[in-house]
Amino acid sequence: MIILITGKPRSGKTTLVKNIIRQLPHQSYGGFYTEEVRNSDNNRTGFKLKTTDGQETVLADINLESQYQIGKYKVNITGIETIGIETINQALNEKAIIIIDEIGKMELCSEKFQNAIQLLLANLGQKILIATVPISNLPIVAQLKQRTDAIIFDTSKNKNAVILNEILSLVKNEKIS
């Protein structure tokens, strides 16, 4: 089963993922989520990628040196290709639920990340993928949304508390422990 969480920027996708994680048995999931990085003036300067087992790396930052840029943020491909992909692969091998927040423009700058997502989809089997995706239909996102095993929740149209309960119900019905 694939559970996709989409919505406008700042509509609560990551908060929803964190709330899902809090409700699941720790041994059942693995993956990563993103968090904003802010300076002392509370201005957003970037994003970090945090794994569910406590690792973290810079995902993107306005002051980073990188040839990859999305808006004003320069993307840390090395962090995505090491910690991000390693975490996806480990979760696929060891966990019932794989969490990916997010499959978006920054992460997709990496061809290796794109390949890791394709490999994950090919080997998902009876596991559950919970991923956030942008509203825009980037090629891999469009492919995900068109899958028959995908259930899509839009945070810009629904209350996140309702979505949280629906997702937890779906996961529980899959008898994940």
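Residues numbered from 1 in each chain as written. Predicted model: local features only at pLDDT ≥ 70, side-chain atom pairs only at ≥ 80, totals over all residues. Heavy atoms only, no water.

**Student:** How would you summarise the layout of surface pockets if you had to cite specific residues and measurements?
**Tutor:** Of the voids in this model, the largest pocket is the one considered here, and its volume is about 800 Å³. Lining the largest pocket are 26 residues; nearest its centre among them are Pro-9, Arg-10, Lys-13, Phe-47 and Glu-102. Those elements giving two or more residues to the lining of the largest pocket turn out to be α1 (13–23), β2 (29–38) and β3 (44–51). Take the lining of the largest pocket: its biggest share by element is four residues, from α1. Each residue belonging to the lining of the largest pocket can be placed in one class, and the counts come to eight nonpolar, eight polar and 10 charged. (1 Å grid on protein atoms, 1.4 Å probe; cavity = no way out; pocket = protein on both sides within 12 Å on 5 of 7 lines; lining within 4 Å. Points joined across faces, edges and corners; volume = space filled by probe spheres on them. Helix = DSSP H or I, 4+ residues; strand = E, 2+ residues; numbered from the N terminus. Nonpolar A, V, L, I, M, F, W, Y, C, P; charged D, E, K, R; others polar.)

**Student:** I'd like a rundown of the nonpolar core, residues and numbers included.
**Tutor:** Counting 35 residues, the largest nonpolar core has Ile-100, Ile-103, Phe-113 and Leu-129 as its most contacted members. Among the elements that line this core, the one with the most residues is helix α2 (residues 77–94), at seven residues. Setting aside its immediate chain neighbours within four residues, Ile-103 contacts Leu-108, Phe-113, Ile-117, Ala-131, Thr-132, Val-133, Pro-134, Ile-140, Val-141 and Leu-144. Grouped together as the second largest cluster of nonpolar side chains are 20 residues, Ile-3, Ile-20, Ile-130 and Val-171 included. (Core = buried A, V, L, I, M, F, W, Y, C linked by side-chain atoms within 4.5 Å. Buried < 20%, exposed > 50% of the residue type's maximum accessible area, 1.4 Å probe, protein only. Contact = heavy atoms within 4.5 Å.)

**Student:** Account for the packing of α1 against helix α5 (residues 160–173), with residues named and values stated.
**Tutor:** Taken N-terminus to C-terminus, the directions of α1 and α5 make an angle of 40 degrees; their axes are 10 Å apart at the nearest point. By the criterion of interaxial angle, the relationship of α1 to α5 is oblique. Relative to α5, the crossing made by α1 is right-handed. For the pair α1 and α5, contact is made by Leu-16, Asn-19, Ile-20 and Gln-23 and by Asn-160, Ile-163, Leu-164, Ile-167 and Leu-168, respectively. Grouping the constituent residues of the contact of α1 with α5 by class yields six nonpolar, three polar and no charged. (Axes fitted to C-alpha atoms, helices over the stretch in contact; angles between N-to-C directions. Parallel < 35°, antiparallel > 145°, perpendicular 65-115°, else oblique. Left-handed = near helix turned anticlockwise from the far one by under 90°.)

**Student:** How would you summarise the packing of aromatic side chains if you had to cite specific residues and measurements?
**Tutor:** The full count for this structure, using the stated rule, is two aromatic pairs. Look at Phe-47 and Tyr-73: their rings are 5.2 Å apart centre to centre, the planes differ by 65 degrees, and that puts the pair in the edge-to-face class. In this pair, Phe-47 sits in strand β3 while Tyr-73 sits in strand β6 (residues 73–75), placing the two residues 26 residues apart along the sequence. Side by side, Phe-47 and Tyr-73 carry an identical accessibility label, which is buried. (Phe/Tyr/Trp six-rings, centres within 6.5 Å; stacked < 30°, edge-to-face > 60°.)

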